[in-house]
Amino acid sequence: MINKEKIEELMSINGQVKDVVFQTDADYILKKYGEEGLAKLEKKAEELNIPINYKEANSLKLCPIGLRVLSLLLMRDVFGLSDSEIREIGYSAPATSFVVKLLMRFLSSFSRLAKEVPNYWKNHYTIGSLESVYLNEKTKDLIVHLKDFKVDPILCIYFEGYFRRIYEFAVGFGNGECKETKCMFKGAPYHEYVFRTRK
Ligand SMILES: [Zn+2]
């Protein structure tokens, strides 16, 4: 549950993200729970004094990374979402983000995708770094490490879905898998995501 301490802890984290994330969160809620659902989410945010404006999310503006986490935690609390639904929110995000649409042309081939990974991260987040540490052109296997980014475990789940969708721009829609195999919240020095195609 979200309480005052949790909000303060998250809001004190140094780092920012493009606020397009609230647009993609709102799109998911609208699709699944309609206007009524979004109104419920906005009301809860207001009650807790969490300054998220779902309707005026502007892709180019930066906002505190703590707010991004709070949006996901709010959705989980208000709608009782499971981990697989958090993954689903991540998975649906790249399809509705105009930032991603602009980048699509870079993501259309596997080797370019792997090469663009660090830039892609920097384009969205002011902290942490994302690196491809292994790629196999033939099998399309890919391993990436997310470093210097210990924000909240809900993002680890969200990214499994989000990264999977990005990977599928290169390997085909519905044809990718992504699993977090190492995690900073479980003592590893970075988060590791392993990608492969469904065989
Ligand atoms: Zn993790």
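Going by the structure above, here's the rest.
Keep in mind that this is a model prediction, so the values were computed, not measured. (Residues numbered from 1 in each chain as written. Predicted model: local features only at pLDDT ≥ 70, side-chain atom pairs only at ≥ 80, totals over all residues. Heavy atoms only, no water.)

Another point: the packing of helix 2 (residues 20-47) against helix 3 (residues 65-79). How two helices sit against one another is set out by the angle between their axes and by the gap between those axes. Their axes nearest at 10 Å, the elements helix 2 and helix 3 cross at an angle of 65 degrees. Handedness of the crossing formed by helix 2 with helix 3: left-handed. Residue-level inspection shows Val21, Phe22, Asp25, Ile29, Tyr33, Gly37, Lys40, Leu41, Lys44 and Ala45 of helix 2 in contact with helix 3, the latter providing Leu67, Arg68, Ser71, Leu72, Leu74, Met75, Val78 and Phe79. Looking at side-chain class alone, the contact of helix 2 with helix 3 contains 12 nonpolar, two polar and four charged residues. (Axes fitted to C-alpha atoms, helices over the stretch in contact; angles between N-to-C directions. Helix = DSSP H or I, 4+ residues; strand = E, 2+ residues; numbered from the N terminus. Left-handed = near helix turned anticlockwise from the far one by under 90°. Contact = heavy atoms within 4.5 Å. Nonpolar A, V, L, I, M, F, W, Y, C, P; charged D, E, K, R; others polar.)

Time to look at the coordination of the zinc ion. Octahedral metals with six donors have ideal donor angles of 90 or 180 degrees. Tetrahedral metals with four donors have an ideal donor angle of 109.5 degrees. Protein-derived coordination of the zinc ion comes from Cys156 (SG), Glu180 (OE), Cys183 (SG) and His191 (ND1), at a distance range of 2.0 to 2.3 Å. Geometry at the zinc ion is tetrahedral, judged from its four donor atoms and the angles of 97 to 115 degrees they form at the metal. Of note, the donors binding the zinc ion are all from one chain and are spaced C-x23-E-x2-C-x7-H. Note that Cys156 is positioned in helix 7 (residues 153-171) and Glu180 in strand 5 (residues 176-182), a separation of 24 residues in sequence. For Cys156, a relative accessible area of 6% gives the class buried. (Donors = N, O, S within 2.8 Å, 3.2 Å for Na, K, Ca; no water. Tetrahedral: all angles 85-135°; square planar, octahedral: opposite > 155°, others 65-115°. Buried < 20%, exposed > 50% of the residue type's maximum accessible area, 1.4 Å probe, protein only.)

Strands sit in the order 3-4-6-5 across an open sheet of four strands; the sheet is antiparallel. Here the strands that pair on one side only, and so sit at the sheet edges, are strand 3 (129-136) and strand 5. This sheet shows a mean twist of 20 degrees between the axes of neighbouring strands, independent of strand direction. In this structure, strand 3 lies alongside strand 4 (residues 141-147), joined through seven bridges in antiparallel fashion. Note that in strand 4 the partner of Glu131 across the bridge is His145. (Pairing = 2+ DSSP bridges.)

With a phi angle near 60 degrees, Asn49 is a residue other than glycine that sits in the positive phi range. Backbone geometry places Lys140, a non-glycine residue, at a positive phi of 65 degrees. Following the sequence through the fold, Lys140 ends up in the loop between strand 3 and strand 4.

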